[in-house]
Amino acid sequence: MDACAELVAYLLRRVPALRVLAVGRRALSVAGERLVPPAPPGEDEAVRRALRGAGAAGGGPAPEGSVRRAAAGAPTQEPAASPAREGGETAG
């Protein structure tokens, strides 16, 4: 990253009106730098990233439906059924 910052600083000294668009995880820390945080990813991009991350972690692919429910803030698993729901005896 230092080499990139040095190059940008050099170019800006030589051409003061120059505008540089640099995309990265860290600031270059050069004079006049303005940081603009990226917008959060949309749901489809978030799902793609989560699926890619699950595979890279070695846990195998995550079910896409679970990832989409998690991205939407919904529970990722169905609640466990109680015996009364499954047709078991009820108190009474």
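Read on for an overview of the structure. (Residues numbered from 1 in each chain as written. Predicted model: local features only at pLDDT ≥ 70, side-chain atom pairs only at ≥ 80, totals over all residues. Heavy atoms only, no water.)

**Describing the overall build of the chain**
- Counting its regular elements, the chain contains 3 helices and 0 strands.
- Starting at the N terminus and ending at the C terminus, the chain contains elements arranged as α-α-α.
- Counting across all 92 residues of the chain, residues that qualify as buried make up 8%.
- The contacts in the chain between residues at least 6 apart in sequence include a share of 23% that link residues at least 24 apart.
- Carbon and sulfur atoms make up 56% of the accessible area of the chain, which amounts to about 7,900 Å² in all. (Helix = DSSP H or I, 4+ residues; strand = E, 2+ residues; numbered from the N terminus. Buried < 20%, exposed > 50% of the residue type's maximum accessible area, 1.4 Å probe, protein only. Contact = heavy atoms within 4.5 Å. Areas by Shrake-Rupley, 256 points an atom, 1.4 Å probe, with all protein chains shown as cover.)

**Details of unusual backbone geometry**
- Unlike most non-glycine residues, Ser29 shows phi in positive territory, near 65°.
- In this fold, Ser29 is placed in the loop between helix 1 (2-14) and helix 2 (43-56).

**Thoughts on a nonpolar patch on the surface**
- On the surface, a cluster of nonpolar side chains totalling about 270 Å² of accessible area is made up of Leu7, Tyr10 and Leu11.
- Here Tyr10 lies in helix 1.
- Under the relative-accessibility criterion, Tyr10 is labelled partly exposed at 39%. (Patch = residues over 30% accessible without salt bridge, like charges linked within 9 Å, V, L, I, M, F, W, Y side chains within 5 Å. Salt bridge = Lys/Arg side-chain N within 4 Å of Asp/Glu carboxyl O.)

**Section: helix 1**
- Here helix 1 spans 18 Å end to end across 13 residues, near enough to the 18 Å set by a 1.5 Å rise per residue.
- Burial in helix 1 covers these residues: Ala5, Val8 and Ala9. Buried residues of helix 1, seen end-on, are gathered within an arc of 100° and therefore sit on one face of the element. For helix 1, the exposed residues lying more than 90 degrees away from the buried face are Ala3, Glu6 and Arg14. (Expected span 1.5 Å × (residues − 1). Arc of directions from axis to C-beta.)

From the geometry alone we can't say anything about function, so treat these as descriptive.
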